[in-house]
Amino acid sequence: MPPDSNAGRPENELSEVLNIGFPADPEAIGAVADAITEILIQLRVPEQKRLEIGLAVQEALVNAVVHGCKSDPSKEVRCRLQSDPLGRIVITVTDPGPGFSPDLLSDPKRQENVYADHGRGVYLIRQLMDEVSFERRGNEIRMWKY
Amino acid sequence: MGPAVDGLRQVFEESLGGADTRIVLNLAEVSMIDSTGIGLLVRFLASTKQRGGNIKLVQPSKFAVQTLRLVGVLNLFEVFENDDAAVESFT
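If you're wondering where the values come from, they're calculated on a predicted model, not measured in any experiment.

(A) View of the sheet that holds strand S4 (residues 131–135) of chain A. Residue and element names in this part refer to chain A. Strand order in this open sheet of 5 strands is S1-S2-S3-S5-S4, and the pairing throughout is antiparallel. Strands at the two margins of the open sheet, each flanked by one partner only, are strand S1 (15–23) and S4. Looking at each pair of strands side by side, their axes are set apart by 15° on average, direction ignored. With 5 bridges joining them, S4 and strand S5 (residues 140–145) adopt antiparallel strand pairing. Following the sheet pairing, Ser133 is matched in S5 by Arg142. Most of the contacts of helix H1 (residues 26–42) go to S1, to which it runs at about 170°, and overall it touches S1, strand S2 (76–83) and strand S3 (89–94).

(B) Looking closely at H1(A). Residues and elements named next belong to chain A. Here H1 is 17 residues long and its end C-alpha atoms lie 26 Å apart, about the 24 Å a rise of 1.5 Å per residue gives. The complete set of buried residues in H1 reads Ala28, Ile29, Val32, Ala33, Ile36, Ile39 and Leu40. One face of H1 carries all of its buried residues, which in axial projection span an arc of 135°. For H1, exposure combined with an orientation more than 90 degrees from the buried face picks out Glu27, Ala31, Asp34 and Gln42.

(C) Summary view of the nonpolar core. Residue and element names in this part refer to chain A. Counting residues in each nonpolar core, the largest one holds 61 residues, and the members touching the most others are Ile36, Leu61, Ile91, Val93 and Met143. It is helix H2 (residues 47–68) that provides the largest number of residues to this core, a total of 9 residues. Apart from the residues lying within four places of it in its own chain, the contact partners of Leu61 are Phe22, Ile29, Val32, Ala33, Cys79 and Val93.

(D) Representation of the interface of chain B and chain A within the structure. Counting residues at the interface gives 21 residues for chain B and 23 residues for chain A. Buried surface at the junction of chain B and chain A, both sides included, amounts to about 1,900 Å², of which 68% is carbon and sulfur. Where chain B meets chain A, there are 1 salt bridge. Taken together, the links from chain B to chain A amount to 5 residue pairs in polar contact (both at pLDDT 80 or more). Those elements that provide at least two residues to the side of chain B that touches chain A are helix H2 (35–50) and helix H3 (62–70) of chain B. Among the elements that line the side of chain B that touches chain A, the one with the most residues is H2(B), at 8 residues.

(E) Here's a closer look at unusual backbone geometry. All names here are of chain A. One non-glycine residue, Arg44, lies in positive phi territory at about 60°. By the secondary structure assignment, Arg44 is in the loop between H1 and H2. A relative accessible area of 75% places Arg44 in the exposed class.

Cut-off values and rules
- Residues numbered from 1 in each chain as written.
- Chains lettered and ligands numbered in written order.
- Predicted model: local features only at pLDDT ≥ 70, side-chain atom pairs only at ≥ 80, totals over all residues.
- Heavy atoms only, no water.
- Pairing = 2+ DSSP bridges.
- Helix = DSSP H or I, 4+ residues; strand = E, 2+ residues; numbered from the N terminus.
- Axes fitted to C-alpha atoms, helices over the stretch in contact; angles between N-to-C directions.
- Contact = heavy atoms within 4.5 Å.
- Expected span 1.5 Å × (residues − 1).
- Buried < 20%, exposed > 50% of the residue type's maximum accessible area, 1.4 Å probe, protein only.
- Arc of directions from axis to C-beta.
- Core = buried A, V, L, I, M, F, W, Y, C linked by side-chain atoms within 4.5 Å.
- Buried area = accessible area lost by both parts, 1.4 Å probe.
- Salt bridge = Lys/Arg side-chain N within 4 Å of Asp/Glu carboxyl O.
- Polar contact = N/O pair within 3.5 Å; in protein donor to acceptor, adjacent residues only side chain to side chain.

Written as structure tokens, this is what we have:
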């Protein structure tokens, strides 16, 4: 991550649209993802972009709940959605877990991984969003859609 | 993730316990497939192929096709416009 990675996207132009915490229960993910989709509709985000953001958020929420919190509902996952005057969207998902190093993830498109039943979530997020970074100790993902 | 994937997993497990190896999966009502669903789908495909069968996809949404392509598994499946064409492809 270069030190000037936020160049061109002034943080002070971002407006917070949603900032919620929810128990790390897999059953809660659908409601949060639906709430974000509803907000994107209200923000008049075009359908294709909305689908891409929606799926990326779903993946990030699953990772936070299942991997970050081991589906322990006594733990809390936070999700924040911000937008700027240009219509750019940034979504941040944070869990209290130990984090991970995204560089260690294997490429799901490699031949030996094609039939694997896991390991595509972060790859998919990176494909669907315009910019993705992992903050803190890898327990916070920040996803931009321009 | 969620009830949809749980339902699909149950259908797959029941199918693997039976004699069916020629599977037609109609995705017309599925707007989005996440990585959990994709993992389930490819694992089931692998098991079905090991038993000499195959899985044919019918009417996946444009976004589902895009997602399967993004993660490099679209080419594992044959895709059809309707159930009849998918069934016929097995004969």
